[in-house]
Structures are given as C-alpha cells and as structure tokens.
Amino acid sequence: MLRKQIMAVIAAVAVAASAFIGAPTATAASDKVLNWGSAVDVTTPWEPYAMSDGHFRPIMALAYESLLKVRTDGKTIDPGLATKWVWKGNKALVLTLRSGVKFSDGTALDAAAVKANLDRVLVNKYAGPRTGALNNVSDVAVVNPTTVQVNLKQPDSLLPLWLSLNMGYMVSPKAIASADKTGNLADLLTATDGTGPYVLNWGASVKGSKYTFDRNPGYWQKGAALTKAFPFDQIVVKVYTNATARANALRSGDIDIALVGAFDMPAVDKAGFQVITENLDVIALRLTDRNGENVKALGDLRVRQALNYAINRDQFGAFGVGTSQSFTKGLDAYNPKWDDFYKYDPAKAKSLLAAAGASNLTLSVAGIADPTFSAIAQIVQADLRAVGVTLNITNEANIFAAAGNPKYQGFFFPYGAASSASVVNDIFGPGKVRLNPLGQSDPKLMALLDTYLASTKAADQGKAAQAIGQYVTSNALEIPLARLTYYVGYNQKKIKGVSFTTGNVYPQYFGISPK
C-alpha cells in the first residue's frame, strides 16, 4: 500500500510539473559557458582534503589536479601531475612529477610541495572525509625536486588509486602555510590555489547560490590540446539543494546539466531533455552501534540478521534495485548472489528476534529530509514495525554531525565508492570516520582488508575482495536496502559527452563539450 501511495505521488508531481517551463533550447547561453547544477553547497574551505567525494569531485576538479588520474571505469590509472609511478618493492611508490607545472599563485609544483600536502595528514594529523585513505602511509621522502617517494607501513596495492582521488589533489604550499589551529586553510575560504585548468572568481560568485570559475591563465597545458580537453571558457556552478527547484532550473535553461530526483525525472524527460541513468550508490540503514555498545541487542548477530530479513526490498523499485549487500556493481567485492542474501522473511525475522530476547526492540536513527530518502525510510519503518521493532526516525539537517550522537544507533545514507577498500574504510572503520562516527570496528574485517591491500595479483585480490563481501553481508554489519537509480538530465542541444563515472553519482566535466 505504501509503495502504491509513493508511486501515485511521483505521477502527480510529474503531471503538475509538466504544466510549465519549456523544452531544451540551443540558445540559452554562450556555448563557451557551462552552467552546472549542483545539489550541494560548498561549506568548507575550497580545498580537496576538506571535501568528500561524490557531488564535490566535479567542483574540486575544476581548480585542482591529482597526482594520478583514474578513468571512468574506476580502475585504470593514468598520468596526472605525476607522469610516472613505479613500485619499489611493495612498500614504496616512487613518482616522477610533470615539469613546468605551477599553482595558480605562481608557485612551482615540486616534490617538496607534494610532501607538504601529504604531511598535512601524516604529520599534522589533519582529518578530512577521505584522509583515511592514507592510513597505510608512513612518510613521504623528497628524492629530488621532481621525484617523491611515498613509503608504506604495510602493503597497499591501491595507493595509486588513492592518489588519483582526494588525497592526490595538490594545493599550493603558500595556501598550506595559512592553516589555522583546526588545520583548515584560511587562504582558501574565498579562493582556490591549485594547478587545475580553472580558478574560482569570487567576485563573480554569490555564496550559497553560484560559484564562477574562469580559465587559469597559467595552466600548464596550452593551445589546441587545452581547448580540446577543456573547451569551456567559464564554468558556473549553480547551487540548487532542493531537487524540484534544480529540475525546474534545468528546464528553464538556467543550468545545462543536473542530478534529477526520482520524483522530478518524469517531467524532465517529458520536456525533452536527455536523461541518463545508472544504479550506483547503495542506500542503507547504516548501523553505527553494530557492536551493541549503546543498545546491547545490536551486538547480537541474530538481531542484525533479523532486521535484514524483515525488509521487503521489492518495494524499492521506484527508487532503484533492491539489494542485501553493501557493495555496488563494478566493485570486486560485489557478488550478484548476495543481492538477495536476505530474502524477505518476516516470520524468520520474528523468530530470530525472539531467540535473541529482542522481540520488543526500539531503535532511534537519523534520517535525511529528502523526498526519496524519506519515502525509503518510511518503508523500512513499516516493515520493521510488522516484526515488532519500533524505529524512531528523526530527520537531521546535518546528517554526519547527527550520526555521531550516541542517542542514534544508525542513520540512512547512500554511499558509493571507486573501490571495495573505500567501502570498508569509510563505513566500517577503523577509527571514527565519516560513515562510522562511533568508531566501532571489526578486527576480522580489518584483517581481511589487510589481505586485500597486500595482494599484488589480480586473482588474489579478487579472491580477497569476495571474502570481504561475504563477511560484511553474512554478518549483517548494516542493513543495505537498494542500489539507487540516479538520473542526470542535460540539455543535449547545448552539450554532449555526458557519462557516469564508476563510484560517483555525478558525471565529471571531463569529456563534456559544447554541442
């Protein structure tokens, strides 16, 4: 019944929205300007270590470049600011830097600059959303001005991948010198200072509304190669945190591309805009108290499995594809047979709860005030109520800050990553990280992760990844619900080359060009 009500709302919204705002046009703005619709605002300093991935990566990559680059398949590594990388044994990676590269303040990129960036985490202990990627790094050594060596505490075969993501994006040493007591870079509150093809024009920006990026006149790539790789003279990031407002902005011509919500997609599609889809992030009820430190029952495997058996994942068809596993397609820890590991079985759920003495369990969790996520949370709440579990949901404006409150035993949140190791690090520890704010970890899982990272052969790493996937699923470390269907709408009369990137819900601007 609840799913039918949700589908009826989607249909009603589509009909109402289609009554206004026109079809895509080719003359909405200059073809040298890309108007990018963002679902998030930038509330941190304008630097990579302070930002998470997802929606922020396309924005971050305008002004900053990484040491290495990962292709859209999420696996293949290409040169970036480093033109060459060679393993020295299995505990040191030697990188040769590209010559002639400068930060936008004019400072040259050299090995000392790379060390200064990584030392923010290794020495100064700066903690950002993705700094856990450097957990296995011991130190960084300057070999010569163009060569840097990254040394490991223990083998980590994914280090080249980590250096193609947030931890590989380089900031000018001058900006690093402006760090305050919390480690945030004061110089980057209203500016960028990277080596990327664009720079933030704060004078043409409006905080919370739009951020204008102009070409970086000192960018190392020149001529035809530059205009082919980065064809837009200006990119304007316009913030629409409300999904319907964002869809309407696309249809009105204010923006050229945007993430479109499930409730708004029918109207965008009907208006004639190109819509691409992909099942990416896994939305789950992420159990922060999975060890039962605050609610003892959650430390019982039978209880966590019961919560999973209680959910009818077929109900999520309006939003994605139901799944019982935390790893999305494309990751080596994914296995299709685990999608229905916890087949809907309320009778079994009740039996397990009774055996664990938790028949009248009450849980409190944090939710997100978003139409899609709220609808999913209501379905979960109803299913758990049917097996005797009371789920109290409080929507929070800042979901990450709220999730760390011990009054909550979990929170609803979607997550995708470029690697299986990222999923383990970010959700299950070690330490208090963004998606594991209470810091409850599992030594057996961490041991499996160490085996995975130490594997240098693809076959061995694949086997280790499958062991991780099986352990997380069979031990019910969280309650996966569905691989969400993401919709990106764009004006196909203005731009082309739009595609998804593995592990990211949003396309990157690389490859997008005027029609």
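Quick caveat, the model's predicted, so the values are computed rather than measured.

Asks: Outline unusual backbone geometry, listing residues and values.
Replies: One non-glycine residue with positive phi stands out, namely Lys125, at about 60°. Along the chain, Lys125 turns up in the loop between α3 (111–122) and β6 (137–144). Phi at Ala476 takes a positive value of approximately 45°, unusual for a residue other than glycine.

Asks: Got a sec to walk through the packing of helix α9 (residues 301–309) against helix α10 (residues 346–355)? Specific residues and values, please.
Replies: Between α9 and α10, the shortest axis-to-axis distance is 8 Å and the interhelical angle comes to 160°. Considered as vectors, α9 and α10 are oriented roughly antiparallel to each other. Between α9 and α10 the crossing geometry is left-handed. Every residue of α10 that contacts α9 at Arg302, Val303, Gln305, Ala306 and Tyr309 is listed here: Pro346, Lys348, Ala349, Leu352, Leu353 and Ala355. In the contact of α9 with α10, the residues fall into 8 nonpolar, 1 polar and 2 charged.

Asks: So what about the sheet that holds β6? Which residues, and what values?
Replies: In space, the 4 strands of this open sheet follow the order β4-β5-β7-β6, with antiparallel pairing throughout. The open sheet has two edge strands with one neighbour each: β4 (82–87) and β6. Across the sheet, the axes of successive neighbouring strands diverge by a mean angle of 20°, strand direction being ignored. Pairing geometry for β4 and strand β5 (residues 92–97), over 5 bridges, is antiparallel. Counted as the bridge partner of Val86 is Val94 from β5. The sheet contacts of α3 involve β5, β6 and β7 (147–152), and relative to β6 the element is tilted by about 165°.

Asks: Outline the side chain of Asn308, supporting the account with residue identities and numerical values.
Replies: Positionally, Asn308 belongs in helix α9. At a separation of 2.9 Å, a polar atom in the side chain of Asn308 contacts the side chain of Arg313. When sequence neighbours within four positions are dropped, the list of residues in contact with Asn308 reads Arg313, Tyr342, Ala476, Glu478, Ile479 and Pro480.

Asks: Can you break down empty space enclosed by the protein residue by residue, with the values?
Replies: Within this structure, the stated rule accounts for 3 cavities of 30 Å³ or more. Here the largest cavity is characterised by a volume of approximately 150 Å³. Taken together, 13 residues form the lining of the largest cavity, with Arg130, Trp162, Leu165, Ser422 and Asp426 sitting closest to its centre. Its residues assigned to classes, the lining of the largest cavity comprises 6 nonpolar, 3 polar and 4 charged. Every residue lining the second largest cavity is listed: Trp36, Pro58, Ile59, Leu62, Ile235, Val237 and Tyr509. Secondary-structure elements contributing two or more residues to the lining of the second largest cavity are α2 (56–63) and β10 (234–239). The biggest single contributor to the lining of the second largest cavity is α2, with 3 residues. Among the residues forming the lining of the second largest cavity, the class breakdown is 7 nonpolar, no polar and no charged.

Rules behind the numbers
Residues numbered from 1 in each chain as written. Predicted model: local features only at pLDDT ≥ 70, side-chain atom pairs only at ≥ 80, totals over all residues. Heavy atoms only, no water. Helix = DSSP H or I, 4+ residues; strand = E, 2+ residues; numbered from the N terminus. Axes fitted to C-alpha atoms, helices over the stretch in contact; angles between N-to-C directions. Parallel < 35°, antiparallel > 145°, perpendicular 65-115°, else oblique. Left-handed = near helix turned anticlockwise from the far one by under 90°. Contact = heavy atoms within 4.5 Å. Nonpolar A, V, L, I, M, F, W, Y, C, P; charged D, E, K, R; others polar. Pairing = 2+ DSSP bridges. Polar contact = N/O pair within 3.5 Å; in protein donor to acceptor, adjacent residues only side chain to side chain. 1 Å grid on protein atoms, 1.4 Å probe; cavity = no way out; pocket = protein on both sides within 12 Å on 5 of 7 lines; lining within 4 Å. Points joined across faces, edges and corners; volume = space filled by probe spheres on them.

Bear in mind that shape data such as this cannot, by itself, settle questions of function.
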